[in-house]
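Examining the three-dimensional arrangement
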Amino acid sequence: MDTEALRSFVRAAELGQLRRAADELGVTQQAVSKRIAALERELEVRLFTRNARGVELTLDGQALLPHARSVVSGVERAVSAVRPGSRALRIDVLGLRSAQAVVLHDYWRSRPGTDLDVVTLRVDDPRVAVAAVEAGDVDASFRSVTDPATLPPGVRMIHAFDSPLELLVGPGHPLASARELTPSQLRKHRIWVPGIAPRSEWGEFYDQLVTEFDLRIDAAGPHFGDEVLLDTLADSADVATLVGARDRYSWPTNHDLRRIPVVNPTLVYPLSLILPRTNPHPGISGVIAHLGSLPRLPEPVWLPSWATA
């Protein structure tokens, strides 16, 4: 099986676009298309379907992806074994607009020339990300395992940084004019967070948030993407959502959405970094130092139990 075809498949799956995969691989989009088409012929299955934004994995593609990643990672490790230090630092983030990606981008800008590969594993269960770190598929992952005792012996988890939450609302919402809000002021307002995945760290986070502050978190319905969520907020007088202060969102000017800090206490989502216990990639030390330089949040703050334990 052609490992370059597998590599093209993996990058296209992670990025959701053949053009972006081609740009990262340094080949033409036609070359990536031909490689994937050849792989589909060899396997006698369809791996992708096209949509308005690019490509999406079929069920067969989803089944192949973890195995393809393992093969590609094995080839990369083999090359790295004879060319130490030649491979980019590969870090998993929850999304390319997430606070983790923003912080990594700031680090990269402060270190021009750093060889950094930011990926999204697109998994909800943090244990899958732990397995990817343990297998060497990624060098580190911005995930949190809420029970650190369950981590395998070859992997460790360190605190990365804390992300304060903000309420995001449209102009017609009754809280839209507030400069800041306390958690008690959010009670009885519908906070829509679609697509909270079972077994995810954020699922447990919102469970604890509801219990602590008696909030009305609504996870109903599938998550059709940030654009649909932002459109809904802009048109609604009663729907709000929670976002991280560093998370990147953009919307049309006429949406007039408002980001409002939540204070007294500040609601904080703790972010951790999972990495190998021994022989980590040499580039990870610079990232850890950068994380340690981030400013601390002013008190008082609220953190979920696994962060305060």
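Residues numbered from 1 in each chain as written. Predicted model: local features only at pLDDT ≥ 70, side-chain atom pairs only at ≥ 80, totals over all residues. Heavy atoms only, no water.

This next bit is on the pattern of salt bridges. One pass over the structure, following the stated rule, counts 17 salt bridges. The salt bridge partner of E14 is R11, with a shortest N-O separation of 2.1 Å. Of the two residues, E14 and R11 both sit in helix α1 (residues 3-15), three residues apart, roughly one turn of that helix. Accessibility classification places E14 together with R11 in one group, the buried group. (Salt bridge = Lys/Arg side-chain N within 4 Å of Asp/Glu carboxyl O. Helix = DSSP H or I, 4+ residues; strand = E, 2+ residues; numbered from the N terminus. Buried < 20%, exposed > 50% of the residue type's maximum accessible area, 1.4 Å probe, protein only.)

Time to look at the nonpolar core. What tends to happen in soluble globular proteins is that the nonpolar side chains get buried as a cluster. In this structure, F142, F161, L167, L209 and L291 are the most contacted members of the largest nonpolar core, which totals 45 residues. Residue assignment for this core shows that the elements contributing at least two residues are β3 (89-92), α5 (99-110), β6 (155-169), α7 (201-213), β9 (239-244), β11 (266-276) and α9 (284-292). Examining the composition of this core, we find that six residues originate from one element, β6, more than from any other. With 21 residues, the next largest nonpolar core counts A5, A12, A13 and L65 among its residues. (Core = buried A, V, L, I, M, F, W, Y, C linked by side-chain atoms within 4.5 Å.)

Glancing now at the confidence of the model for the chain. Looking at the chain as a whole, the pLDDT averages 90, with 97% of positions reaching at least 70. By mean pLDDT, the top-scoring element of the chain is strand β10 (residues 258-261) (97), and the lowest-scoring one is helix α10 (residues 305-308) (80). (pLDDT = per-residue confidence, 0-100.)

Okay, the pairing of strand β4 (residues 116-119) next. What you see with β4 is a clean split: D117 and V119 sit on the buried side and L116 and V118 on the side with no burial. The pairing of β3 with β4 spans four bridges and is classified as parallel. Residue pairing across strands places L89 opposite L116, the latter belonging to β4. The parallel pair β3 and β4 is bridged by α5, and the resulting crossover is right-handed. (Pairing = 2+ DSSP bridges. Right-handed = clockwise from strand over helix to strand, strands pointing away.)

Before going further, it helps to examine α1. Between its terminal C-alpha atoms α1 stretches 18 Å, which fits the 18 Å expected from 13 residues at 1.5 Å a residue. Counting buried residues in α1 gives eleven out of 13 residues, a clear majority hidden from the surface. Between the side-chain oxygen of the N-cap and the backbone nitrogen of E4 there are 2.9 Å, and the N-cap of α1 in question is D2. Positive backbone phi, at 75°, marks G16, one or two positions downstream of α1. (Expected span 1.5 Å × (residues − 1). Polar contact = N/O pair within 3.5 Å; in protein donor to acceptor, adjacent residues only side chain to side chain.)

Here we take up the packing of aromatic side chains. Applying the stated rule across the entire model yields six aromatic pairs. Ring centres of F205 and Y206 lie 5.4 Å apart, and the angle between their planes is 80°; this geometry places the pair in the edge-to-face category. For F205, a relative accessible area of 0% translates into the label buried. Here Y206 falls in the buried class, since its relative accessible area comes to 11%. Members of the aromatic cluster, each reached through a chain of ring pairs, are F205, Y206, F213, Y269 and W302. (Phe/Tyr/Trp six-rings, centres within 6.5 Å; stacked < 30°, edge-to-face > 60°.)

The next point concerns the environment of A13. Along the polypeptide, A13 turns up in helix α1. With a relative accessible area of 4%, A13 lands in the buried category. When neighbours within four sequence positions are excluded, A13 is seen to be in contact with F48, L57, L65 and R122. (Contact = heavy atoms within 4.5 Å.)

Within helix α8 (residues 226-235), burial applies to L229, L230, L233 and A234. Seen end-on, α8 carries its buried residues on one side only, within an arc spanning 135°. On its buried face, α8 sits against β6, β7 (190-192) and β9. (Arc of directions from axis to C-beta.)

Our focus in this paragraph is the packing of helix α2 (residues 18-25) against helix α3 (residues 29-43). Look at α2 against α3: their axes get within 8 Å of each other, and the N-to-C directions meet at 105°. Between α2 and α3, the interaxial angle falls into the category roughly perpendicular. Where α2 approaches α3, its residues L18, R19, A22 and L25 are matched on the opposing element by Q29, V32, S33, R35 and I36. Across the contact of α2 with α3, the residue classes tally to five nonpolar, two polar and two charged. (Axes fitted to C-alpha atoms, helices over the stretch in contact; angles between N-to-C directions. Parallel < 35°, antiparallel > 145°, perpendicular 65-115°, else oblique. Nonpolar A, V, L, I, M, F, W, Y, C, P; charged D, E, K, R; others polar.)

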